[in-house]
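So you can see what is in the structure, the chains are spelled out below.
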Amino acid sequence: MPLFKRKPFDLAKPPEDLEPSELVYQVRFTKEIFRDYQEYLNRINLYRQRVWMCKSTGKSNLTYEEAMVTEKHAIQKVQQLPNDLVAPALRIIQFSMLSLRDLADLVTKKLQKDLFVGAELYGKKDDGLYPCRVLKIVENGVGKTQYEVALLGENKKITENAILHGEDLVWKKTPFNRKILKSFIRESTCRSIPWVLHEKLAQKHGISTDLPEELRSKFFLQGGQLVNRTKKRKNENRNNVGEANGESGKFKRNKGETGKPDASKEENNQPEDEPVKYPIDDLLVKPGPDDPLFTDRPSPSRDFNVPMDCIGDLLMVWDFCSSFSRVLNLWPFSLEDFENAICHKDSNLVLIVETHSALLRILIKDDGEYSLALQNKKRKSKISLITWTEYVCDFLEMINVTELCSCMTTIKRGHYGLLDANAKLGILRELVCHALETDLIRGKLDDLIEQRRALGATVRGEALEYARKKREEKEQLKGESNGLVVKENSMESTGSNPHMAENGEENGDMMEEVISSRQSNAFVNRKQLNGQSKKGEKQKLDPKVEAENITNSNEKEEQKQLTGEKKEDQEKKSKEKREQRKEYFKREMERTKHPDQSLR
């Protein structure tokens, strides 16, 4: 089974007292059964997350189903390992302290030396290599093992027998590799470093389960499981320290009295949430704390009078007639009325007659195959309450559907209402499908598609225009702020006289004089600056000038406030207009989906 957080994951037990007729939810690949839809959905979402690992191959970042498939393929490859090599390999694996890669290399080297009956190799004879098969292992008193082999010719036919030593035999192709051995080791063991075989597997092949003496100082067996002495001592010390510090209550609440995860979580098989690693599939994205609450999915409605297998045809015919009611010259009707008319046994219901007649008129106007069939039978183009069944029979003869043609005799006798709901909706379905292929309906659909494209282009154009205006306003505000900074810097360079800063012409002349004087004569520059500063001091002392400056500043502030209020009003109006445009475009988009929605 796939691993969750490198640990086995228990499947949910089937609900108790399950009745044969009870409707339940079943996971397809685990066969788990749930009564509650929310529990089923939570389990499916967990299985879709890429947090699972294949036990046989060690591949991670898989979904549960992908891990199951990978594990199945790995087990099939492991079963190809010859039976004669299984027991020697398991003896090497039992209680080994090597890493998985080193252990696989060790098993590979040792198994290549152990030959078994039926192994196909190359044998050295007369300075040549010949394909052969081991027939028998011969033991001699010297201590060297010899092998009786059969030399193979074409099509693996035995040519002769020979006795060869082990060093004279070379593997043609090893029946295993490191990848297969890694999967074999993972499947055969219940824990790693030291690697411990499953108890039943060890008993089957006669392998001892007693702990070797070199490992007894570090490990011991408890309840059939191998326990690390050092880790257990550390856990006991941690528990004692927690109890001494008064944290035992919190520790027990979170992890249980034994220091293990909470028993309730183990029973419910609800693992803790891991941090999400993006990118992930859209279906795995969970709602955030600020997202709106999603209501539970309502159960599908089964309150229909017609059989459940023809609900699709019922909805399709009703939607077509409602959407193209203007083109069909048909007054819209409710789904309930249409369903009741289908189930009614009367043969000349107005709703049924008008629906068939409207669809048949569309086919007659198209001048297609149906129109030619009527011309050959010299029928009139006017459909009445008495003759509508004849036109329906002509249509059934044209399409030549076996299931529907069997209803023609009943219709010709004037007993249309005695037909099953499946047959009635089947006839209407074929009429709708042929009506969709007519030029009139196709032209209407093309117009709606063009309108939808034009609306989409207009919406995108307005959005781009609005974004462009916003960018220009930001750039303009940025330019004005830069201009104000430059102006303030120039005021600081001329002095702290506000009257001088407001007098633009005088300030400009003064700056030109300063620049020219710096280039020509520093003495003149100093004299002019001193004169201007003295003039600024005189103006500062004048109370009239100060009063004028105050009134000017107040007027400017009032103008700024007025302009600010105007801008806010304009922004509000433009925002309202944008909202109105959005609502308008939204309504137009819906209208293109249902062109005759206004008549409903």
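All of the points below concern the structure found in this document. These figures come from a predicted structure and were not determined experimentally.

## Focus on the nonpolar core
Here is step 1 of the chain: The biggest cluster of nonpolar side chains holds 50 residues, and the ones touching the most others in it are Ile342, Tyr370, Phe395, Leu396 and Ile411.
Here is step 2 of the chain: Only helix H10 (311–323), helix H11 (325–328), helix H12 (335–343), helix H13 (350–365), helix H14 (369–376), helix H15 (388–399), helix H17 (408–412) and helix H18 (421–436) provide two or more residues apiece to this core.
Here is step 3 of the chain: Apart from residues lying up to four places away in sequence, Leu396 is in contact with Val401, Leu404, Cys405, Met408, Ile411 and Ile427.
Here is step 4 of the chain: In terms of nonpolar packing, the next biggest core, distinct from the first, is built from 33 residues, Val134, Leu151, Leu169 and Phe184 among them.

## Section: helix H5 (residues 178–188)
Here is step 1 of the chain: Listed as buried for H5 are Ile180, Leu181, Ser183, Phe184, Ile185, Arg186 and Ser188.
Here is step 2 of the chain: On its buried face, H5 is in contact with helix H2 (64–78), helix H3 (83–93), helix H4 (100–113), strand E11 (189–191), strand E12 (196–197) and helix H6 (199–204).

## Description of the packing of H3 against H5
Here is step 1 of the chain: Running from amino to carboxyl end, H3 crosses H5 at an angle of 70°, the nearest separation of the two axes being 11 Å. Looking at the two axes, H3 sits roughly perpendicular to H5. Counting all contacts with H3, which are made through Val86, Ala89, Leu90 and Ile93, the residues of H5 involved are Phe184, Ile185 and Ser188.

## A word on the sheet that holds strand E5 (residues 52–53)
Here is step 1 of the chain: What the 3 strands build is an open sheet, ordered E2-E1-E5; its pairing is antiparallel. This sheet does not close on itself; its edge strands, each paired only once, are strand E2 (7–8) and E5.
Here is step 2 of the chain: Of the strand pairs in this sheet, strand E1 (residues 3–4) and E5 are connected by 2 bridges, and their pairing is antiparallel. Bridge pairing links Leu3 to Met53 in E5.

## Side note on the sheet that holds strand E9 (residues 158–165)
Here is step 1 of the chain: Reading across the sheet, the 5 strands line up as E9-E8-E7-E6-E10 and stay open at both edges, with antiparallel pairing between neighbours. The open sheet has two edge strands, E9 and strand E10 (169–171), and neither has a second partner. Between one strand axis and the next, the sheet turns through 45° on average, direction left out of account.
Here is step 2 of the chain: Pairing analysis gives 7 bridges linking strand E8 (residues 145–152) to E9, with the strands arranged antiparallel. Residue pairing for E9: Ala150 is matched across the bridge by Asn161.

Rules behind the numbers
- Residues numbered from 1 in each chain as written.
- Predicted model: local features only at pLDDT ≥ 70, side-chain atom pairs only at ≥ 80, totals over all residues.
- Heavy atoms only, no water.
- Core = buried A, V, L, I, M, F, W, Y, C linked by side-chain atoms within 4.5 Å.
- Buried < 20%, exposed > 50% of the residue type's maximum accessible area, 1.4 Å probe, protein only.
- Helix = DSSP H or I, 4+ residues; strand = E, 2+ residues; numbered from the N terminus.
- Contact = heavy atoms within 4.5 Å.
- Axes fitted to C-alpha atoms, helices over the stretch in contact; angles between N-to-C directions.
- Parallel < 35°, antiparallel > 145°, perpendicular 65-115°, else oblique.
- Pairing = 2+ DSSP bridges.

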